[in-house]
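The chain contents come next:
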Amino acid sequence: MNQKPGVCTFCGTGCGHFMNVAGSTVERVFPSLNHPVSQGRLCVRGWNIHELLNTAQTINRPFIKKDGRLSEASYDAAVSLLVERLRGISPAAIGFLASPRSTNEEQFLLMKLARAVFKTNNISLASEAGHRGSLNVLHGGTGMAGMLGSIQEICQAEFILVAGSDITKQNPIIGSEIHKAAQAGAKVVTIDSRRTQMAKLSTTFLHITPGALKLAVAALAKYIFQEGLIDADFIKTATKGFDAFSAVLGKLSESEISARTGIARDEFKAVAEALSRSRTAMVFFSSGISGLDEDTIGYLYNLLAMTGKIGKPGCGVNPVAGLNNLQGGYDMGCAPDLLSGFQPLADQAAVKKFSGAWGVELNTAAGAPIYDLLSKSPSSLKALVVVDHDEGFIRAAEALGKLEFVAYIGAYQNRFMDHADVVLPVGRYIEADGTFTNTDRRVQLAPKKAEPAHAVLPGWKLYTLIAEKAGVKWNYGSPSDIMDEVARLTPAYAGISYKKLASAFGIQWPCNEKHPDGTAHFDIAMAGGSITFARVSGTFDMPETSADFPYRLMIGKAQDFWHKNNLMRKTFIPMREYNATLLDYPEGYVEIAPETAKALQVRNQWQVKVVSPYGELPLAVKISEDVKSDTAYAPYFAQDMIAPLLAGHPEIVQKGEDATIPIRIEKV
Amino acid sequence: MNGIKIVTIPEVATIEEIRDEIRDVKTFYLSLDNKEIDKNFKIKSGQFIMCTVFGAGEFAVSLPPSPENDRFHLTVRKVGSVTNALHELKPGGKLGIRGPFGNGFPFEEIKGKNIIYVAGGIGLIPLRSSIVHVLQHKKEFGRVLMLHGARTPDDLMYKDNLKEWQSFDGFETYITVDVAAPGWTGEVGFVHTLFDKANLPIENTVAFVCGPPVMFNTVIGELMKRGLSDDCIISTLERHMKCGVGKCQHCAIGRTLVCTDGPVYTYRQIKTLGEQI
Amino acid sequence: MYLIKKSDVLNIAKALSAAYQVYGPVVEKVSGQTFFEKVDDISEITLAAPIPAAPPKSVVFPQAERIMSYRYAGGNTPVEIKPDYAETPKALFGLRSCDLTGIQCLDRFFLGQEFVDDVYRHHRKKMFIVTNTCVVPFKYCFCVCTDSGPCADEGYDLNLTDIGDNFFVEAGSAQGEALCKKLNLENASEQHRSEKNACVDKSITLFEEFSTESKAWISRVMNRVTTGFAKEDVWEYVGDQCFECGACSFVCPSCSCFNIADASGGNGSCNRLRTWDSCSYEGYSRMAGGHNPRKPVEDRRNKRFFCKLSYSQSKKYLRPGCVGCGRCNWVCPGDIGLPNVVKYIRRETTSR
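One numbering rule holds for all chains: residues counted from 1, following each sequence as written. Starting at A for chains and at 1 for ligands, labels are handed out in the order in which the entities are written. Residue-level local features of this predicted model are given only where pLDDT is at least 70; pairs of side-chain atoms are given and counted only at 80 or more, and the full residue set underlies all totals for whole chains, interfaces and linings. Only hydrogens and water are removed before side-chain values are computed, so all heavy atoms of the structure are retained for them.

Peer 1: I would appreciate a short explanation of the environment of C:Cys98 in the present structure.
Peer 2: Residues and elements named next belong to chain C. Numbering of helices and strands runs from the N terminus, with a helix taken as a DSSP run of H or I at least four residues long and a strand as a DSSP run of E at least two residues long. Topologically, Cys98 is positioned in helix 3 (residues 97–111). The exposure class assigned to Cys98 is buried, which follows from its relative accessible area of 8%. In this structure the C-alpha to C-alpha distance between Cys98 and Glu65, which are 33 residues apart in sequence, comes to 24 Å. If sequence neighbours within four positions are ignored, Cys98 has contacts with Ile51, Ser148, Val323 and Cys325. Note on classification: 1.4 Å probe, protein chains only; a residue is buried when its accessible area is under 20% of the maximum for its type, exposed when over 50%, partly exposed between these limits. Only heavy atoms enter the contact rule, under which two residues are in contact if any of them lie within 4.5 Å.

Right, here's the structure in full:
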């Protein structure tokens, strides 16, 4: 029997697969039929993951930069140099950029390395804005920093709202589960400014004006309130803070809602009614680098809270992570102000616990997210250790060039290596035991499946070696020991061990004495019987169009390219499929409606100039029925190319998915 | 008549000479390294081969040389990663060849008829083979005409051949561009606008049409309006191909496989395929 | 016709393992999932295991395989090319009837056309096939609708049917007959044959309703698909539900589409890989330069079902392309496994 179980490492769904491995080569991959999340399904990426795992474009040995060129080095020399250089820089000027693709054990050790060995709290995941926003809202409201519902319970939901997420492309198997619920009779409503596949599969599609998502969600809440569709009992017995929220809703003008969202009042009302009448309901939205902003997430959370759809089976506010271990990264404390399990660095008791366990005094001076540090000019950062990152981040290339020292740690070659003074390889995902936490809090063990193709260390051993060179001896015999330490220090993971994980398909945290088998969905009792409404703003700024700039340009939504480009490029079929548009439009594209194309007298692939109040850039035209006539769309993957438009407006980058810019389009 | 067919493992060929044709299009003159195979490597006009650019991959490409007395060559536009790698090669460089594959243009069946070639842009590449072949046997045909259109004078294919053909006795050639450039004294306009001027024969006539989809559809429409029957219009289809021998199925259209049933089809057949051109 | 005691049945596999690499059904312990696997320890085989999750087609047509390797240092240096496939004698032990039918489809397609596929031929050449009758059908099975089960009637060397204490053994070839002789199997009587037939008949009555219901419909739908009478709107409904994952092609015992890619190993060395491909992928028919004659997803879906359910494609296989194993239903993220599509076409379903 040569079938080794594992967890797909592309998106945050956490699908189960089996692999045939011969030596260091993956011969085949097959879905796990009884896996509770994926149940025999994989997407195009998952079915072809062996193409990535078998690529020859791995980093096979350490490198040190000499005279501007990387030359081969031993681990000993490269790690010593890394430690020596970091030692020469003050902790506040050192940063660690953690990867949302690393295992929990690697994340935890990197966090420990940053805080306990190099005494800095400058550690973050690149996706700081999106998923953190989701976790802040959920943690603030319920005390649980993760999806409130469960993928397995989608089939129990009678009403499902998909808000601004191209979910069948980003997390296809979650999209599939929603589709199957719809086939079985659930009411599925998609709110989006583009006609996505999910929109086509929904019972109702609210095709909103770009940038109006927050307002549309607020409108639903308003009609629920106004028409008496709230769950008054639930609000009274199990929530706090509803009055402040209803006051905000009261100020919304109905005429403004319809005018600015492009959706008629009756359509909103019908959806509000369906949500209210259903016994169970869930909302899904994408969460990550191009996810929604915190305020919009607050409205989504409040929408379900006011209808009593939190804390029951088949219910929940469900952020969907685009990357396989983004949730795990936060769980392991890869954020400047958080220790593992969302324990604040500002919490003295928590700090004392970690200090005691690690035998060091932790630095409690707040750190900052790496991207924030890099984008300041002049930057206080002098050295940066980057783990397994897509070169998309090289939008900060200029800032990287100004650093005194850059180290890159990863399994696959990419352009980040050009910026590095030291390159340290780590093994592919199949070369060591490790756990990943998917978007519904499922901690899954992926056991080692292959011998390293080259003499490359697994991540946990590399971090142990770095600590050792820095004079700190960690005594881990295996990744299992690391998880035991995580369990001791992290309440949500208290009951998790490799032994437990090996005999099952993963455990959803919180897993502790009270919930020894994990927790499928949030329960009000977990929050002491009461949840809190999110504080939301009453402002709905949308950049207005004008005669000069008549179209709204949306940016984003092609999240499947984001952060995975570097991996996809090492495959054949996923590259062909995911870079399809990129191959057709190597210089990027702007998607416009057929009416717009007609008015501009342009055809597919013709060059146009997109002009905004902040800048202009040339793009090729892609005509699509999926955007409205007053709308244009440019995907995120063209980040390098749309940078000139975004440069002056970091808040648009921050807003991610829902950002719009008024533009005009000129024929070239 | 049937020569060798290289099916699974490519034979190595050496690039003897490279000529620039138009922007992004080059012609590569080749010979197979195995002289025995080179001698027995016979093509039919209208066939294609699978060409390996070592280190980059394999692609399907139509054969422009005539089956008789013509140097073996390929004319390739750079459009993807493999053809980009091909364009980087220098004379002396090596390629892999499999084939020749496909049905090829009819030759015996069209003897005695009038022949019209209509080529848009690089659509002249797959037609070249047939043109040269038919001219070599000009006496066995009726009127032979060629109408070639390109976007600009710089986009006209096979300029040396065009010159030669324009002075070939009894070969009626018409050349036009969509957009004139300084110094251009020839025709301006889409290729079908020359049909009246050329006084196209219709009776006992076969038309070979090749070019981009928009041009193709317009030309077909004009020819049929003039009474040419759809089974007298012949074209060659391009498809994404991986094997060339009817196995990988990438080129399947309805019930036909372009690699083994095609690539040459009559318009009557193309109409029933139910896919875009 | 022979008999072998249930407790001795793996002796057949053991005997085969002397001359062949044996493949058979093995159950993975934690998940309970059946795989049709290379087996070194014959006792791992569970003959009664449910139909394997993946069809054994990967034995003759692997998901990814190197078919050739070459080395070229550039310029006017020689190119070394070597084909990279070899004949390994293989025994498939405990193959289900649907999966045998799948291999027969592949045989006719890869070996029976104008060109013979050399790579496939090497996999297929020295092979011993032992089929196992499904005396109980599984949840998604509908081989009774596609004339491919529950009992194989040709193409095997040995066919086993569980008739209680014994397996009823039928030899379908000279090498099958020879093995039975070599193992000194007890001769079976006509009585045993009728017991076997009764087991098969009983199995047929145990199929789920959806599959017996589809029985008459498969041929009628084939007629509609062939003649173009399946409605556009139905194809659109099917297309909307396609997640373009490729799973249906990968788990289909008769799907044979492949991609070819040259994977660089550095230093001018390169492997030519042949990997499974799927007509549901957008890039499948896209040409270099971006033109795609088969753009809308419903066109591509339509293509797959045309391939499985049309008379013109059936000519290639001498039978319908679908073998009724039901796997596309297990793995589809949409709701467009083949039996469902048959249902949509017959009911002209265009929306929920």
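Okay, back to it.
Peer 1: For this particular structure, what's the right way to read the sheet that holds strand 3 (residues 34–38) of chain C?
Peer 2: The strands making up a sheet associate through backbone hydrogen bonding, with each pair oriented either parallel or antiparallel. All names here are of chain C. Strands are labelled as partners when DSSP assigns at least two bridges between them. Taken together, the 8 strands give an open sheet; going across it, the order is 3-2-6-7-8-9-1-10, and neighbouring strands pair in mixed fashion. Strands at the two margins of the open sheet, each flanked by one partner only, are strand 3 and strand 10 (186–187). Pairing of strand 1 (residues 2–5) with strand 9 (residues 166–171) involves 4 bridges; the strand directions are antiparallel. Its bridge partner lying in strand 9, Leu3 is registered against Phe168. Along the sheet face, helix 1 (residues 10–17) touches strand 1, strand 2 (21–27), strand 6 (90–95), strand 7 (127–132) and strand 8 (158–162) and points at about 170 degrees away from the line of strand 6. Fitted lines through C-alpha atoms give the axes, limited to the stretch in contact for helices. The angle between two N-to-C directions lies from 0 to 180 degrees.

Peer 1: It is not clear to me how the nonpolar core should be interpreted in this structure. Could you clarify?
Peer 2: Buried together is how nonpolar side chains tend to be arranged in soluble globular proteins. With 251 residues, the main nonpolar core has A:Phe96, A:Phe108, A:Leu424, A:Ile466, B:Leu147 and B:Val209 as its most contacted residues. The biggest single contributor to this core is helix 9 (residues 213–226) of chain A, with 10 residues. In plain words, nonpolar cores are sets of buried Ala, Val, Leu, Ile, Met, Phe, Trp, Tyr and Cys residues tied together by side-chain atoms within 4.5 Å.

Peer 1: Looking at this structure, how should I read the interface of chain A and chain C?
Peer 2: Each side of the interface is counted separately: chain A has 50 residues, and chain C has 51 residues. The salt bridge involving C:Asp277 is made with A:Arg576; its shortest N-O contact spans 2.8 Å. Contacts described as polar in this section are N or O atom pairs within 3.5 Å, which, within protein, must combine one atom able to donate a hydrogen with one able to accept it, while residues neighboring in sequence count only if both atoms come from side chains. Between the two partners, chain A and chain C, sit 22 residue pairs in polar contact (both at pLDDT 80 or more). Sorting elements by how many residues they give to the side of chain A that touches chain C places helix 7 (residues 172–183) of chain A first, with 8 residues. Charged means Asp, Glu, Lys or Arg here, nonpolar means Ala, Val, Leu, Ile, Met, Phe, Trp, Tyr, Cys or Pro, and polar covers whatever is left, Gly included. Its residues placed into classes, the side of chain A that touches chain C shows 21 nonpolar, 19 polar and 10 charged. Think of a salt bridge as a Lys or Arg side-chain nitrogen and an Asp or Glu carboxyl oxygen that are within 4 Å of each other.

Peer 1: Just checking my understanding: could you explain the sheet that holds strand 3 (residues 25–31) of chain A for this structure?
Peer 2: Residue and element names in this part refer to chain A. Strand order in the open sheet formed by 3 strands is 1-2-3, and the pairing between neighbours is antiparallel. The open sheet has two edge strands, strand 1 (4–7) and strand 3, and neither has a second partner. Taken over all neighbouring pairs, the strand axes of this sheet differ in orientation by 35 degrees on average, direction set aside. Pairing of strand 2 (residues 16–22) with strand 3, which is carried by 6 bridges, proceeds in the antiparallel orientation. From the neighbouring strand, Phe18 faces strand 3, where its bridge partner is Phe30.

Peer 1: Even after reading the chapter, I still don't get helix 8 (residues 209–227) of chain C, so can you show me in this structure?
Peer 2: Residues spaced three or four apart along an α-helix point in a common direction, a consequence of the helix completing one turn every 3.6 residues. All names here are of chain C. For helix 8, which comprises 19 residues, the first-to-last C-alpha distance of 28 Å matches the rise-based estimate of 27 Å (1.5 Å per residue) to within 8%. For helix 8, the set of buried residues is Ser211, Ser214, Trp217, Ile218, Val221, Met222, Val225 and Thr226. After helix 8 finishes, the residue Gly228 shows a positive phi value of roughly 80 degrees. Here, expected helix span is obtained from the residue count minus one, scaled by 1.5 Å.

Peer 1: When you look at the domain arrangement of chain B in this model, what are you seeing that I'm missing?
Peer 2: Reports of interface size often rely on the accessible area that becomes lost once the parts have come together. All names here are of chain B. Domain extents, as shown, originate in an automatic or database domain assignment. Domain boundaries assigned for chain B yield domain 1 (6–101) and domain 2 (108–236). Put simply, the middle of domain 1 and the middle of domain 2, counted by C-alpha atoms, are 25 Å apart. Put simply, buried area is how much 1.4 Å-probe accessible surface two parts lose in total, over both of them, once they are put together. Both sides together, the interface formed by domain 1 and domain 2 hides about 1300 Å², and carbon and sulfur atoms give 52% of it. The largest contributions to the domain 1 side of the interface with domain 2 come from Ile22, Pro64 and Glu68, which together make up 35% of the buried area. Between domain 1 and domain 2 we count 1 salt bridge in total. The shortest N-O distance in the salt bridge between Arg128 and Asp70 comes to 2.8 Å. Our count for the contact surface shared by domain 1 and domain 2 stands at 9 residue pairs in polar contact (both at pLDDT 80 or more). Those elements that place two or more of their residues in the side of domain 1 that touches domain 2 are strand 1 (6–22), strand 2 (25–32) and strand 5 (73–77).

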